[in-house]
Amino acid sequence: MKNLVIGQSGGPTAVINASLYGAIKAFNEYGTGGHVLGMINGIEGFLSDEVIDLTETLSDEDLELLKLTPAAYLGSCRYKLPEDLTSEVYPAIFDNFKKMDIGYFLYIGGNDSMDTVDKLSRYAKNTESPVRFIGIPKTIDNDLVLTDHTPGFGSAARYVAATVREIVLDASVYQQKSVTIVEIMGRHAGWLTAASRLARKFEGDNPFLIYLPEAPFELEAFYHDLEEAFQKSPNVVVCVSEGIADAGGTFICEYSDAAKLDSFGHKMLTGCGEILESFVRDKFGVKVRSIELNVNQRCSGMLASLTDIEEASMAGSEGVKAALSGETGKMIAFARESSSPYRISCRTQDVGLICNQEKKFPAQWITEDGHDISDGFLAYALPLIQGEPKRIMEDGLPKYLYR
């Protein structure tokens, strides 16, 4: 009657709680009578004994609300375990496993979270611990390797596409020349910015220009791209990844002195839209504004796709099944069997091959001029944004679960 402990880590998404839902439901169905324990604020909270019994806490009604609730119900963290497996942190974690009678550990997160699963599973192997460790993928950036896509990306892509579509409509109401720059999340991988291509309804429609981190960005080329775009329309919408950089590797946001580092040493990339706004105003003298979509990309539950919710739930469920069957040191991955009709299956991949890697946006889906996305991406992305969940509403607003 071993218990399962589960946590959420890194940036939240609109569907991360659907993975939690799927894991709880599966363990209740397939488990050995143990309980599902939730880490409050991930592995960092677990080290402080901050754990709640989700089996006792959540009713069936709560679980249905949880499935539709954005953000991380258990709270999150950005805590990186030591590289040195002889660190005193590891015995402390495994002492808690024994104290709480933990047999299974699931962690929902992105690249750094998979690093946590990898380190814990390696320590368990070294110490002959029977605890099994499984990673459940999550990231709007869609940059985890060895999986077709990640839960969270589809809903964020839908938000980007729908919002850019509305921005395009708004930008087109005046006759005078204008440029609207939309800054979208994506440090090194441009998957989410590429989703703005879904907003285009016909050939020659906005957004005219889309720039990803995978293609070098030069201000001189940007100037000429805008000149050509103005020949097609007086109103130009430009979508850029926050991490666009020049050929020398310098981020455009670093053209100012505002870039800072987060707790992992990653550059906190914001502000490239404002830099480009100033450039356009100076060079063209037209009406220009920059819009940063910011956290709305990951927290918009009302635009979550049913496909994304169901796949996130499936990933959580498959993680439980993998752990109960004896697998460890693995991540649940999606394999696409068909795009039309859309069909995927789940498999496990060695988490050691996934953590600390990054899946770039495919070069073949970036046009030769470097400022647009080809139709090949549409066949990949469109299935992921489909479907409307049956939302639970209260007083005209979505009803969510609060801890």
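Throughout what follows, the structure given in this document is the object of discussion. Source: prediction; values computed, not measured.

## A word on the nonpolar core
Stage number 1. Phe153, Val182, Trp191, Leu192, Phe361, Phe377 and Tyr380 are the most contacted members of the largest nonpolar core, which has 36 residues in total.
Stage number 2. Those elements that place two or more of their residues in this core are helix H7 (153–171), strand S6 (178–184), helix H8 (191–194), strand S8 (235–241) and helix H13 (376–381).
Stage number 3. The element that contributes the greatest number of residues to this core is H7, accounting for 10 residues.
Stage number 4. The residues touching Tyr380, leaving out its near neighbours within four places in the chain, are Asn142, Asp148, His149, Phe153, Trp191, Arg336, Lys359 and Trp365.

## Quick notes on the sheet that holds strand S7 (residues 209–211)
Stage number 1. Reading across from one edge, S7-S8-S6-S11 is the order of the four strands in this open sheet, with parallel pairing throughout. Each having just a single partner strand, S7 and strand S11 (287–292) make up the two edges of the open sheet. Geometrically, the sheet is characterised by an average inter-axis angle of 15° between neighbouring strands, direction not taken into account.
Stage number 2. In this sheet, S8 lies alongside S6 in parallel orientation, the contact comprising seven bridges. From the neighbouring strand, Ser178 faces S8, where its bridge partner is Asn235.
Stage number 3. Contacting S6, S8 and S11, H7 runs over the sheet at an angle of about 165° to S6.

## Description of the side chain of Asp372
Stage number 1. Position of Asp372 among the secondary structure elements: in the loop between strand S13 (342–350) and H13.
Stage number 2. Exposure remark for Asp372: the relative accessible area of 15% places this residue in the buried category.
Stage number 3. A polar side-chain atom of Asp372 sits 3.1 Å from a polar atom in the side chain of Arg200.
Stage number 4. In this structure, Asp372 is in contact with Arg197, Arg200, Ile210, Trp365, Ile366 and Thr367, ignoring residues within four places of it in sequence.

## Focus on the packing of helix H1 (residues 16–30) against helix H12 (residues 306–324)
Stage number 1. Packing of H1 against H12 brings their axes to within 7 Å, and their N-to-C directions diverge by 40°. Regarding the angle of H1 to H12, the classification is oblique. In this structure, H1 crosses over H12, and the sense of that crossing is right-handed. Two secondary-structure elements touch here, H1 through Ala18, Ser19, Tyr21, Gly22, Ala23, Ala26, Phe27 and Tyr30 and H12 through Ile309, Ala312, Ser313, Gly316, Ser317, Val320, Lys321 and Leu324.
Stage number 2. Grouping the amino acids of the contact of H1 with H12 by side-chain chemistry returns 10 nonpolar, five polar and one charged.

## Observations concerning the pairing of strand S12 (residues 330–339)
Stage number 1. Within S12, seven of the 10 residues are buried, which leaves it mostly tucked inside the rest of the structure.
Stage number 2. Pairing between strand S5 (residues 132–137) and S12: two bridges, direction parallel. When the bridges of S12 are listed, Ile134 appears paired with Lys330.
Stage number 3. Relative to S13, S12 runs antiparallel, the two being bridged by nine bridges. Paired with Ser338 across the strands is Arg343, a residue of S13.
Stage number 4. Turn length for the S12-S13 hairpin, with the two strands adjacent in sequence and antiparallel, is two residues.

## Let's talk about the sheet that holds S13
Stage number 1. What the seven strands build is an open sheet, ordered S3-S2-S1-S4-S5-S12-S13; its pairing is mixed. Of all strands in the sheet, those with a lone pairing partner are strand S3 (51–53) and S13, marking the two edges. Averaged over all adjacent pairs, the angle separating strand axes in this sheet is 25°, with direction ignored.
Stage number 2. Relative to S5, strand S4 (residues 102–109) runs parallel, the two sharing six bridges. When the bridges of S5 are listed, Tyr107 appears paired with Gly135.
Stage number 3. Across the sheet, H1 is in contact with strand S1 (3–8), strand S2 (36–39), S4 and S5; its angle to S1 comes to roughly 175°.
Stage number 4. Packing of H12 onto the sheet brings it into contact with S1, S4, S5, S12 and S13, and relative to S5 it is tilted by some 170°.

## Describing the packing of aromatic side chains
Each aromatic ring pair is characterised by the separation of its centres together with the angle its planes make.
Stage number 1. Counted under the stated rule, the structure contains 25 aromatic pairs.
Stage number 2. Taken together, the aromatic side chains of Phe46, Tyr90, Phe94, Phe97, Phe105, Tyr107, Tyr123 and Phe133 make up a single cluster linked through ring pairs.
Stage number 3. Positioned over the ring face of Trp191 is Lys359, at 5.1 Å from the centre of the ring.

## Some points on H7
Stage number 1. The end-to-end C-alpha distance of H7, which contains 19 residues, comes to 26 Å, matching closely the 27 Å that a straight helix rising 1.5 Å per residue would cover.
Stage number 2. Taking burial as the measure, the 19 residues of H7 include 15 buried ones, the bulk of the element.

Basis of the calculations
Residues numbered from 1 in each chain as written. Predicted model: local features only at pLDDT ≥ 70, side-chain atom pairs only at ≥ 80, totals over all residues. Heavy atoms only, no water. Core = buried A, V, L, I, M, F, W, Y, C linked by side-chain atoms within 4.5 Å. Buried < 20%, exposed > 50% of the residue type's maximum accessible area, 1.4 Å probe, protein only. Helix = DSSP H or I, 4+ residues; strand = E, 2+ residues; numbered from the N terminus. Contact = heavy atoms within 4.5 Å. Pairing = 2+ DSSP bridges. Axes fitted to C-alpha atoms, helices over the stretch in contact; angles between N-to-C directions. Polar contact = N/O pair within 3.5 Å; in protein donor to acceptor, adjacent residues only side chain to side chain. Parallel < 35°, antiparallel > 145°, perpendicular 65-115°, else oblique. Left-handed = near helix turned anticlockwise from the far one by under 90°. Nonpolar A, V, L, I, M, F, W, Y, C, P; charged D, E, K, R; others polar. Phe/Tyr/Trp six-rings, centres within 6.5 Å; stacked < 30°, edge-to-face > 60°. Lys NZ or Arg CZ within 6 Å of the ring centre and 35° of its normal. Expected span 1.5 Å × (residues − 1).

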